[in-house]
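# Tertiary structure, described
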Amino acid sequence: MPQTNFVDYEKFFDCVHCGLCLSFCPTYVELGTEMDSPRGRIATMRSLHEGKFPLDAEVVRHLDLCLGCRACETACPSGVHYGELIESARSFIEEQYRRPLLDRLKRWTIDKVFPNPLGVRVFASMLKLGSALGLSRLARSDKLPQQLRSWFSMVPERGSVSSATLLEHYPAIGEKRYTVAVLSGCVMPALFGATNEATVKVLRHNGCEVVVPKAQGCCGALLLHNGNKPDGLARARQTIDVFNGLNVDALIINAAGCGAMMKEYGELFKDDPVYREKAQRVAAKVKDVTEFLGGIPLIPPSREVKKSVTYHDACHLAHGQNVRSQPRALLRAIPGLQIMELQESDWCCGSAGTYNLTEPAMARRLLDKKMANIEATEAELVVMGNPGCLMQIRAGLQQRGLSIKAVHTVDLLAEAYEG
Ligand code: SF4
Ligand code: SF4
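Below is a summary of the structure that appears in this document. (Residues numbered from 1 in each chain as written. Chains lettered and ligands numbered in written order. Predicted model: local features only at pLDDT ≥ 70, side-chain atom pairs only at ≥ 80, totals over all residues. Heavy atoms only, no water.)

## Here we look at the layout of surface pockets
Empty space within the second largest pocket amounts to approximately 620 Å³. Looking at the second largest pocket, it is lined by 24 residues, and the ones nearest its centre are Glu84, Ser88, Lys229, Glu267 and Leu268. For the lining of the second largest pocket, the per-class residue count stands at seven nonpolar, five polar and 12 charged. (1 Å grid on protein atoms, 1.4 Å probe; cavity = no way out; pocket = protein on both sides within 12 Å on 5 of 7 lines; lining within 4 Å. Points joined across faces, edges and corners; volume = space filled by probe spheres on them. Nonpolar A, V, L, I, M, F, W, Y, C, P; charged D, E, K, R; others polar.)

## Some words on the sheet that holds strand S2 (residues 178-182)
Spatially, the five strands line up as an open sheet ordered S1-S3-S2-S4-S5, and their pairing is mixed. The open sheet has two edge strands with one neighbour each: strand S1 (169-170) and strand S5 (286-288). In this structure, strand S4 (residues 250-253) lies alongside S5, joined through three bridges in parallel fashion. Looking at S5, one finds that Ile253 is bridged to Asp288. On top of the sheet, helix H10 (residues 193-205) reaches S1, S2, strand S3 (208-211) and S4; it is set at about 145° to S3, its chief contact. Sheet strands in contact with helix H15 (residues 276-285) are S4 and S5, and its direction is about 25° off that of S5. (Pairing = 2+ DSSP bridges. Helix = DSSP H or I, 4+ residues; strand = E, 2+ residues; numbered from the N terminus. Contact = heavy atoms within 4.5 Å. Axes fitted to C-alpha atoms, helices over the stretch in contact; angles between N-to-C directions.)

## A closer look at empty space enclosed by the protein
The final tally for this structure, using the stated rule, is four cavities of 30 Å³ or more. Put simply, the parts of the chain that give the lining of the largest cavity at least two residues each are helix H5 (82-96) and helix H19 (355-358). Tallying contributions element by element places H5 first for the lining of the largest cavity, with five residues.

## Some points on helix H20 (residues 360-377)
Taking 1.5 Å of rise per residue, 18 residues should cover 26 Å, and H20 covers 26 Å from first to last C-alpha, within 8% of that figure. The complete set of buried residues in H20 reads Met362, Ala363, Arg364, Leu366, Leu367, Lys370, Met371, Asn373, Ile374 and Thr377. Of the residues trailing H20, Glu378 is marked for its positive phi of about 60°. (Expected span 1.5 Å × (residues − 1). Buried < 20%, exposed > 50% of the residue type's maximum accessible area, 1.4 Å probe, protein only.)

## Remarks on the pattern of salt bridges
Going through the model one piece at a time under the given rule, you end up with 29 salt bridges. Here Lys176 and Glu209 are joined by a salt bridge, their closest N and O atoms 2.9 Å apart. In this pair, Lys176 is assigned in the loop between S1 and S2 and Glu209 in strand S3, connecting sequence segments 33 residues apart. Of the charged contacts in the structure, one is a salt bridge between Lys270 and Glu267, with a shortest N-O distance of 3.4 Å. Owing to a relative accessible area of 34%, Glu267 belongs among the partly exposed residues under this scheme. (Salt bridge = Lys/Arg side-chain N within 4 Å of Asp/Glu carboxyl O.)

## Section: the site of ligand 2
Close contacts around ligand 2 come from 13 residues, with Cys25, Cys66, Cys69, Arg70 and Cys72 the closest. Elements supplying a minimum of two residues to the shell around ligand 2: helix H1 (26-31), helix H2 (38-49) and helix H4 (71-75). Looking at the shell around ligand 2, its residues break down into nine nonpolar, two polar and two charged. (Near = heavy atom within 4 Å.)

## Focus: a nonpolar patch on the surface
A cluster of nonpolar residues, Leu118, Val122 and Met126, forms a patch on the protein surface that exposes about 310 Å² of accessible area. Tracing the chain through its elements places Leu118 in helix H7 (residues 117-132). (Patch = residues over 30% accessible without salt bridge, like charges linked within 9 Å, V, L, I, M, F, W, Y side chains within 5 Å. Areas by Shrake-Rupley, 256 points an atom, 1.4 Å probe, with all protein chains shown as cover.)

## Quick word on the packing of aromatic side chains
On inspection of all chains with the given rule, the structure shows five aromatic pairs. Plain terms: the ring middles of Tyr178 and Phe292 are 5.5 Å apart, the flat faces sit at 80° to each other, and that makes the pair edge-to-face. Taken together, the residues Tyr178 in strand S2 and Phe292 in helix H16 (residues 289-295) connect sequence positions 114 residues apart. With respect to class, Tyr178 is no different from Phe292; both count as buried. Ring centres of Tyr265 and Phe269 lie 6.3 Å apart, and the angle between their planes is 75°; on these two criteria the pair is classed as edge-to-face. Comparing Tyr265 with Phe269 shows no difference in burial state: the two are buried. One residue, Arg237, lies across the ring of Tyr275, its end atom 5.5 Å from the ring centre. The aromatic ring of Tyr275 is capped on one face by Lys278, whose charged end is 4.1 Å from the ring centroid. (Phe/Tyr/Trp six-rings, centres within 6.5 Å; stacked < 30°, edge-to-face > 60°. Lys NZ or Arg CZ within 6 Å of the ring centre and 35° of its normal.)

## A closer look at the pairing of strand S6 (residues 308-311)
Within a regular strand, side chains alternate between the sheet's two faces. The alternating pattern of S6 places Ser308 and Thr310 and Val309 and Tyr311 on opposite faces, both of which are buried. As paired elements, S6 and strand S7 (residues 338-340) share three bridges and run parallel to each other. Within S7, the position partnered with Thr310 by the bridge is Met340. Summarising the sheet, S6 and strand S8 (residues 381-384) pair through three bridges and their orientation is parallel. Looking at S8, one finds that Tyr311 is bridged to Val383.

Take a look at the structure:
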C-alpha cells in the first residue's frame, strides 16, 4: 500500500497515547469506542499516512464523526495540534475517496451555497419564507416524524433572521482611540445582519473608527473544515489580499469559526513563498470582537439590561482561540444583568460548522445534552459568539418550545450601549 503524505509526519508523534483527552471528546463519551476518540483517530490518521490502512468506508466514517471541536487540544498535555491533523486528513479524504452519491450531493451543495453570497441570500430568503409561513411551529408537532421535526426546527421563528449590508466606513463615537477592520463574513450579512450592526455599534462606542472593505468575501473556513482545500485556500488568499494592505490596529471577527481559521493563515501558507508573509501579517491582526474589547480599557455600557443570562462557549472560541474569560467579563460589565453558570458550557452543541447537516444523528444527541443544561439554568437568554451555534441552539430551543432566546454577545452589549 503506498505511503501518503497529507501532513508533516512528525506531528503524529506529539501524541504519547496517554488518553487524558478521552473524557473530553464528545463522540468518545457518546459512543465509547477508541476509533471515535482523539487518540484513536490520531492512530487511524497515522496508519493512513503510513499506508497501513486502506481509505475505506469504515475509516472515513470514524473520521467524519469527529466534530473538529478541538476539545481534545485543550485537554492534551502534550500539545497535539489535532485541528491541523484532522483538517489535513479531511482534505486527503475528499481528494482520494469516492463517497456515495447522496453524500457527495449533500457536500457539494454545502460547498456551493455557504461561501457564496448569492447562495447564502437564497438560503436566507427560503428561511424567511418558512418563518413567515410559521413552519417553525411544525418542529413541535407530535404528529410528525422526528427527522421532519428536526428539519422544521431549522426554520427560525419570525423576526430572528436579519439581513443587513454594512457601510464601508464608520467614524468612532467620541474620541477616536483605534482603527479597526471588520470581517462581515459570508453567512452573517444574510442571516445575522443585526449582529454585524451590533458589532460595529459596540466598537464605535469604544472609540473605534471601523472600516469594512467592500471586496471581502468568505474567509475559507467552512470549505477548509469540510476538506475542500483548493477552494478554501482560494477564498483565504482573496481575504488576505483584501486585509493585508490596511493600516489598522486589529481585524475584528464576530464568528468564532472564521476567527480560529484566520489566526491559522500563517501556518496554512507557510510553504507558499507569495503568501507566507502576507498571511502571517493578517493572522497577527485577527481578534475575536470579545477578545479585542476584553483587551482594551472598556468604555462601560450605561444602560441597564434586566435579564438573566447564561453563556455557551463556542468550540472555536474556547478551544480554538482560548477566548473564555473576555466574553464573561464583558457580560459582567452590563448593568443589571444576572449571569447564571452553564454546566459543560464548552461542550459542543453539535453545530460544528456544517456537522449538523452532514451528521444529523450525532449532532442531535449533543444538542439534547446542551438543551438540558441550558434549561437547568432557568436563564432568559443564552449568549454565545458564533453564528453556527446560534442556529443550532435556536433550533433546539424552538423544537422544545422553550421561551429562552439565543443571542450573540455583541447583540446584548449593543443593547446595553444604545437600548
Ligand atoms: S492527544 Fe494528547 S491527551 Fe490525547 S492521547 Fe494523545 S497525547 Fe494524550
Ligand atoms: S475534535 Fe472534538 S470530536 Fe474530534 S477528536 Fe477532538 S474532542 Fe473528539
